[in-house]
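# Geometric and topological summary
Given next are the chains, with one letter for each unit.
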Amino acid sequence: MVRVKKLSDKIVYLCGICGLGYSDQETAKKCEEWCKKTGTCSIEITKKAIYFPS
Ligand SMILES: [Zn+2]
């Protein structure tokens, strides 16, 4: 499930599997589908990430 996280100045959509955050839900969904299917992250998708869990 894509999760929504509110930061102080913006909202990010988090991939439910790897936890990376994106500015749009569509990309977060793509990341999640990819993570689920392959068990790894796609560089093509993760380069769009704007939030990285610590
Ligand atoms: Zn992911």
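## Quick notes on the side chain of Thr-46
By secondary structure assignment, the location of Thr-46 is in helix α2 (residues 43-46). Setting aside its immediate chain neighbours within four residues, Thr-46 contacts Leu-20, Tyr-22 and Cys-41.

## Comments concerning the pairing of strand β1 (residues 3-6)
Along any regular strand the residues' side chains alternate between the sheet's two faces. Looking at chain direction, β1 and strand β2 (residues 11-14) are connected through four bridges and run antiparallel. Each bridged residue has a counterpart across the sheet, and for Lys-5 the counterpart in β2 is Val-12. Once β1 ends, the chain turns through four residues before running back antiparallel as β2.

## Here's the deal with the pattern of salt bridges
Opposite charge on two side chains permits pairing when their charged atoms draw close. Within the structure shown, the criterion is met by two salt bridges. The residue Asp-9 makes a salt bridge to Lys-10 at a minimum N-O spacing of 3.8 Å. Classification of Lys-10 as partly exposed rests on a relative accessible area of 36%. Residues Lys-47 and Glu-44 are paired through a salt bridge, measuring 3.5 Å at the closest nitrogen-oxygen approach. The exposure class of Glu-44 is exposed, given its relative accessible area of 52%.

## So, the environment of Val-12
Within the secondary structure, Val-12 is located in strand β2. In sequence terms Val-12 and Glu-44 are 32 residues apart; their C-alpha atoms lie 18 Å from each other. If we skip the residues at most four places from it in the chain, Val-12 touches Arg-3, Val-4, Lys-5, Leu-7, Gly-21, Tyr-22, Ile-50 and Tyr-51.

Calculation notes
- Sequence order sets the numbering: in each chain, residues are counted from 1 along the sequence as written.
- With the structure being a predicted model, the display of local features is reserved for residues of pLDDT at least 70 and the display and counting of side-chain atom pairs for 80 or more, all residues being used for whole-chain, interface and lining totals.
- Only hydrogens and water are set aside; all other atoms, that is, all heavy atoms of the structure, feed into the side-chain values.
- A run of H or I in DSSP becomes a helix once it reaches four residues, and a run of E becomes a strand once it reaches two; helices and strands are each numbered from the N terminus.
- Residues are treated as being in contact if the distance between any of their heavy atoms lies within 4.5 Å.
- Here, strands pair whenever DSSP counts at least two bridges between them.
- Within this document, salt bridges are pairs made up of a side-chain nitrogen of Lys or Arg and a carboxyl oxygen of Asp or Glu, the two lying within 4 Å of each other.
- Relative accessibility under 20% of the residue-type maximum defines a buried residue, over 50% an exposed one, and the middle range a partly exposed one, all with a 1.4 Å probe and only protein chains included.

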